[in-house]
Amino acid sequence: MSDSAGCGESGGVAGAGQDAEADSEPPQQATSLPGGVDPEVRETSEEGAPPAAKRVRTSGEDLATEQVAEPVKILGETPAQAGLLLEDPAPPAQSTGEPPQCEEKGPGGEEVPISPGGDEECRENGDGVHDAALEEEEEAKPEEECNASGSADSPSGGQQTCGPLSPASSLGLEFTQNPQMLTGSCTEYSSLPENYLKGCKWAPDGSCILTNSADNVLRVYNLPPEIYSYNWDLLPEMSPVLRMAEGDTVYDYCWYPKMNSLDPDTCFLASSSRDNPVHIWDAFYGQVRASFRPYNHLDELTAAHSLCFSPDGTQLYCGFDKTVRIFYTERPGRDCEERPTVVKKQGQSGIISCFGFSPCQSVYACGSYSRCAGLYSCQDGTLLALLPTRHHGGLTHLLFSPDGNYLYTGGRKDSEILCWDLREPGKVVFSLKRNVATNQRIYFDLDLSGKYLLSGDTEGVVSVWDTQTAPPDGNEELLQPQLRFQAHWDCTNGISIHPFMPLLASSSGQRQFPWPGDSEGESASDGEGGEAAASPQEMRQDNALSLWWAGPLGPAPEGGEEPNAAAVEA
């Protein structure tokens, strides 16, 4: 622990926060239950109505949280009782047409009907639609798989040494044709001008989607229950079940990796915004559970530029200028471990802009705006390797392959996604071309098998690469996309693959700048010139969240083909 970080505050994120202690007082030690909940304050609702999970209060400059009441307990059914065939990623070919026999509540408190099944009971809270895949993922822990060879081929043509799921059994993804757009949300972002999105992320249990937008509001959308049938023509436009407003520009946000809708204590997410502490938001009630407050050498509150939970969820990594700070999830406050990335003018400089954790080793990667990436030990933060500076812009996103042998990196205003072989640090296996002409963070995502990599670009096109078609010799050749389709008419900045279903979520929009002459268009004698310049800009605005089906198609839905699912010639 860093002595200069100040005193800590106990009371886990998933439980009750403690009042901010005076600098002269030692931190209070509390015994936490499995959610990090203080046993002395753990309560259940007496009247059965779901109470607010937390109430925020301020004291001076410190932000503390107080436990009001614990959400109602969850009944102990198994995920198999949900009546949904989750083992097969494809939905049933026909809908039974019978009314749902019970309802459940997902994150945000929205009632979600459950398809009729066996002897199931109505749950008071949580979302049991997706836990079968969760248990499979928990049983197949990466640490236990590192010694077994996987069935999927690695990007360089060899076999994986740490096998997740084979491509055939991973998600049922099929990219032989364009994904089919199911539904989305655009009205939500049309009330304010230029309210463009800044990415979207599926919850770890697949129950909901988290988005960020220019109005500094984090929104949570529940997965529509109609997705599990082929009644896609009945899908309404999606509406958020939660809105969590930050005070300023949101720098980064992430889900708690052990999030499970059947356990409300685990349903939370972290966000960082300008001039604000790191907030922990309750994904059931949309309130702040706790705060992590990083301070600089002048004892001034400073904002984290990037966030990432450790795989076990016990630590929260925060990126700063030439520094990584690590907070403990069960101990909100200002107590943290500080790990400089530059020591004696050696190391990784710049603002740490993104994180990634190896699924098989105790190693994490940091990307920075100095256009390079570094590999560090999780135990003490020792720099293991510093990858060469090959990007033309600062890194904005990076991902490990499921076998832990490869690292994918992408930067701003950089048209390449590079695949690095971590067994030979510094070696680029292949590159992927995409059109990125903005400083905005353009996300990309890998499926569970590591076979498919998807990314949007500033033209609204989503490209799909099959990484297993890479040449085995790895001569840094350019890998051509298997499929490209027009997902949006504006910048597709976010793409996220569902954890266990062949579903994609995409987000679009970017800051629009007025064309030259727009301000003088009214004074010009030929008004047509100004209108002609502004018209294409208005046509390109597309601020929306979209949901896509990328699996095998059943009965063709009624209606014509979606206009924004048109194929793009490579």
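Anything mentioned here points back to the structure above.
Scope of this entry: the structure provided in the associated data block.

Each value, and the rule that gives it
Residues numbered from 1 in each chain as written. Predicted model: local features only at pLDDT ≥ 70, side-chain atom pairs only at ≥ 80, totals over all residues. Heavy atoms only, no water. Core = buried A, V, L, I, M, F, W, Y, C linked by side-chain atoms within 4.5 Å. Buried < 20%, exposed > 50% of the residue type's maximum accessible area, 1.4 Å probe, protein only. Helix = DSSP H or I, 4+ residues; strand = E, 2+ residues; numbered from the N terminus. Contact = heavy atoms within 4.5 Å. Pairing = 2+ DSSP bridges. Axes fitted to C-alpha atoms, helices over the stretch in contact; angles between N-to-C directions. Salt bridge = Lys/Arg side-chain N within 4 Å of Asp/Glu carboxyl O. Phe/Tyr/Trp six-rings, centres within 6.5 Å; stacked < 30°, edge-to-face > 60°.

## Examining the nonpolar core
For soluble globular proteins, the rule of thumb is that nonpolar side chains tend to be buried together.
Then, number 1: With 21 residues, the main nonpolar core has I209, I227, L503 and L547 as its most contacted residues.
Then, number 2: Mapped by element, the contributors of at least two residues to this core are β6 (197-202), β34 (503-508) and β35 (545-549).
Then, number 3: Grouped together as the second largest cluster of nonpolar side chains are 20 residues, L210, L242, M259 and Y443 included.

## Points about the environment of P340
Then, number 1: Within the secondary structure layout, P340 lies in strand β17 (residues 337-340).
Then, number 2: Given a relative accessible area of 43%, P340 falls into the partly exposed group.
Then, number 3: Sequence separation of P340 and R325 is 15 residues, and the distance between their C-alpha atoms is 8.4 Å.
Then, number 4: Setting aside its immediate chain neighbours within four residues, P340 contacts K322 and T323.

## Some points on the sheet that holds strand β28 (residues 444-446)
Then, number 1: Read from one edge of the open sheet, four strands run β28-β29-β30-β32, paired in antiparallel fashion. Strands at the two margins of the open sheet, each flanked by one partner only, are β28 and β32 (483-486). For this sheet the average axis-to-axis angle between neighbouring strands, irrespective of direction, equals 15 degrees.
Then, number 2: One ladder, built from four bridges, connects strand β29 (residues 452-455) with strand β30 (residues 461-466); its direction is antiparallel. Looking across to β30, one finds that L453 is bridged to W465.

## Focus: the pattern of salt bridges
Then, number 1: For the structure shown, the criterion picks out twelve salt bridges.
Then, number 2: A salt bridge links E188 to R219; its shortest N-O distance comes to 2.7 Å. Residue E188 is found in the loop between β5 (180-185) and β6, and its partner R219 is found in strand β8 (residues 217-222); the two are separated by 31 residues along the sequence. Here E188 and R219 have matching classes, each one buried.
Then, number 3: Residue R289 pairs with D282 through a salt bridge whose shortest N-O separation is 2.8 Å. Judged on exposure class, the residue R289 and its partner D282 are both buried.
Then, number 4: Bridged by salt links that share partners, the residues E188, D215, R219 and R243 form one connected network.

## Examining the packing of aromatic side chains
Then, number 1: Under the defined criterion, the tally for this structure stands at 14 aromatic pairs.
Then, number 2: Ring centres of Y364 and Y376 lie 5.5 Å apart, and the angle between their planes is 20 degrees; this geometry places the pair in the stacked category. In this pair, Y364 is assigned in strand β21 (residues 363-368) and Y376 in strand β22 (residues 373-377), connecting sequence segments twelve residues apart. Y376 matches Y364 in its accessibility class, with the two residues each being buried.

## Focus on the environment of A270
Then, number 1: Positionally, A270 belongs in strand β11 (residues 268-273).
Then, number 2: Look at A270 and you get buried, because its relative accessible area is 0%.
Then, number 3: When the C-alpha positions of A270 and Y256 are compared, they lie 7.4 Å apart, and in sequence the two are 14 residues distant.

## Observations concerning the sheet that holds strand β14 (residues 306-309)
Then, number 1: Spatially, the four strands line up as an open sheet ordered β14-β15-β16-β17, and their pairing is antiparallel. Of all the strands in the sheet, the pair left with one neighbour each is β14 and β17. Direction aside, the axes of adjacent strands within the sheet are offset by 20 degrees on average.
Then, number 2: Summarising the sheet, strand β16 (residues 323-328) and β17 pair through four bridges and their orientation is antiparallel. Bridging across to β17, V324 finds its partner in R339.

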